Amino acid sequence: MTKLLFLGPPGAGKGTQSKILADECGIPHISTGDMLREAVAKGTDLGVQAKSYMDKGELVPDSLILDMIRDRLNQSDTANGWILDGFPRNVSQAEFLDKLLEEMNQAYNRAVNLDVPDEVLVTRLLSRGRADDNEETIRRRLQVYREQTAPLIDYYSQHDTLVTVDGDRPILEITNALKEVALQNNRSI
Ligand code: AMP
């Protein structure tokens, strides 16, 4: 059963690759960023509260994110696996996820770090045109990544679950490398 966490800076290709892989594996692609953008578009309470953080390139507070991910992982379409894209984003979210999965008698297979050099990230983000892809927000998102999300690389390497994949090459090559990861590291829980 494939249960992967996708780490990596903004612009690394987490969204693109995790979507392709989830489709190929027939399992849900769970992106907290997509879920938040949907909440913003619908104007729900969560969306209203999350929007100001997203517009600034800050992380949305854990108090808003953790219930959302718990509810999502408890939905029935997750029975055959899942790919988490953009969660966890800091160490406290990672600790929460460890506890949540334990309570659910589940485990993830690997935390995948998509590795892309900084200068490539900025070029990619500037060409993407999403609402939060202006230069100032991009700079802040990269800084937030370095300060709060990059420590997860150590966190997962200490748990012996980290795998780093070179994300600076053609999309198909990256997808193939990720398929290998999904195949090699499946353990049924
Ligand atoms: P993404 O689509 O993953 O780049 O996320 C877009 C924005 O949504 C981020 O800049 C954050 O403001 C927010 N966001 C997404 N996932 C999380 C998360 N796990 N924790 C906190 N904020 C998040």
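Residues numbered from 1 in each chain as written. Predicted model: local features only at pLDDT ≥ 70, side-chain atom pairs only at ≥ 80, totals over all residues. Heavy atoms only, no water.

S.K.: Just checking my understanding: could you explain the side chain of Thr175 for this structure?
M.R.: Note that Thr175 resides in helix α9 (residues 171–184). Non-local contacts of Thr175, meaning those with residues more than four positions away in its chain, are made with Gln17 and Ile20. (Helix = DSSP H or I, 4+ residues; strand = E, 2+ residues; numbered from the N terminus. Contact = heavy atoms within 4.5 Å.)

S.K.: For this particular structure, what's the right way to read the nonpolar core?
M.R.: When a protein is soluble and globular, its nonpolar side chains tend to lie buried together. Counting 26 residues, the largest nonpolar core has Leu5, Leu73, Trp82, Leu84, Phe87 and Tyr156 as the members making the most contacts within it. Broken down by secondary-structure element, the contributors of at least two residues to this core are β1 (2–7), α3 (45–56), α4 (62–73), β3 (81–85), α5 (91–103) and α8 (151–158). With six residues, the top contributor of residues to this core is α4. If we ignore the near neighbours within four places in the chain, the residues touching Phe87 are Thr32, Ile65, Leu66, Ile69, Gln93, Phe96 and Leu97. Formed by 20 residues, the second largest nonpolar core is a distinct cluster that contains Phe6, Ile27, Ile138 and Val165. (Core = buried A, V, L, I, M, F, W, Y, C linked by side-chain atoms within 4.5 Å. Buried < 20%, exposed > 50% of the residue type's maximum accessible area, 1.4 Å probe, protein only.)

S.K.: Looking at this structure, how should I read the packing of helix α2 (residues 32–42) against α4?
M.R.: Running from amino to carboxyl end, α2 crosses α4 at an angle of 105°, the nearest separation of the two axes being 11 Å. Accordingly, the angle class assigned to the pair α2 and α4 is roughly perpendicular. Of α4, the residues touching α2 (which contributes Thr32, Met35 and Leu36) are Ile65, Met68, Ile69 and Arg72. For the contact of α2 with α4, the per-class residue count stands at five nonpolar, one polar and one charged. (Axes fitted to C-alpha atoms, helices over the stretch in contact; angles between N-to-C directions. Parallel < 35°, antiparallel > 145°, perpendicular 65-115°, else oblique. Nonpolar A, V, L, I, M, F, W, Y, C, P; charged D, E, K, R; others polar.)

S.K.: Got a minute to help me understand the site of the ligand in this structure?
M.R.: Among the 15 residues in the neighbourhood of the ligand, the closest are listed as Thr32, Arg37, Glu58, Gly86 and Gln93. Of the residues assigned to the shell around the ligand, the class counts are six nonpolar, four polar and five charged. (Near = heavy atom within 4 Å.)

S.K.: Can you help me understand the sheet that holds β1 in this one?
M.R.: As a general point, the strands of a sheet are linked pairwise by backbone hydrogen bonds and lie either parallel or antiparallel. The five strands lie next to each other as β2-β3-β1-β4-β5, forming an open sheet whose pairing is parallel. Of all strands in the sheet, those with a lone pairing partner are β2 (29–31) and β5 (162–166), marking the two edges. In this sheet, adjacent strand axes meet at a mean angle of 25° when their direction is disregarded. Across five bridges, the pairing between strand β4 (residues 110–115) and β5 is parallel. What sits directly across from Asp115, in β5, is Asp166. Of the strands in this sheet, β1, β4 and β5 touch α9, which is tilted by about 160° from β5. (Pairing = 2+ DSSP bridges.)

S.K.: I keep staring at the packing of helix α7 (residues 135–149) against α8 and nothing clicks. Help me out?
M.R.: Packed helices, taken two at a time, are described by their axes: the angle between them and the distance between them. Contact geometry for α7 and α8: axes closest at 5 Å, N-to-C directions at 35°. Across the interface between the two elements, Tyr145, Arg146, Glu147, Gln148 and Thr149 from α7 touch Pro151, Leu152 and Ile153 from α8. Here the contact of α7 with α8 is composed, by residue class, of four nonpolar, two polar and two charged.

S.K.: Looking at this model, I keep getting lost on the packing of aromatic side chains. Mind explaining?
M.R.: For any pair of aromatic rings, geometry is given as the distance between the ring centres together with the angle between the planes. Taken as a whole and judged by the stated rule, the model has two aromatic pairs. Ring plane angle 80° and centroid distance 5.0 Å describe the contact between Tyr155 and Tyr156, whose orientation is recorded as edge-to-face. No difference in accessibility class separates Tyr155 from Tyr156, as the two residues are buried. (Phe/Tyr/Trp six-rings, centres within 6.5 Å; stacked < 30°, edge-to-face > 60°.)

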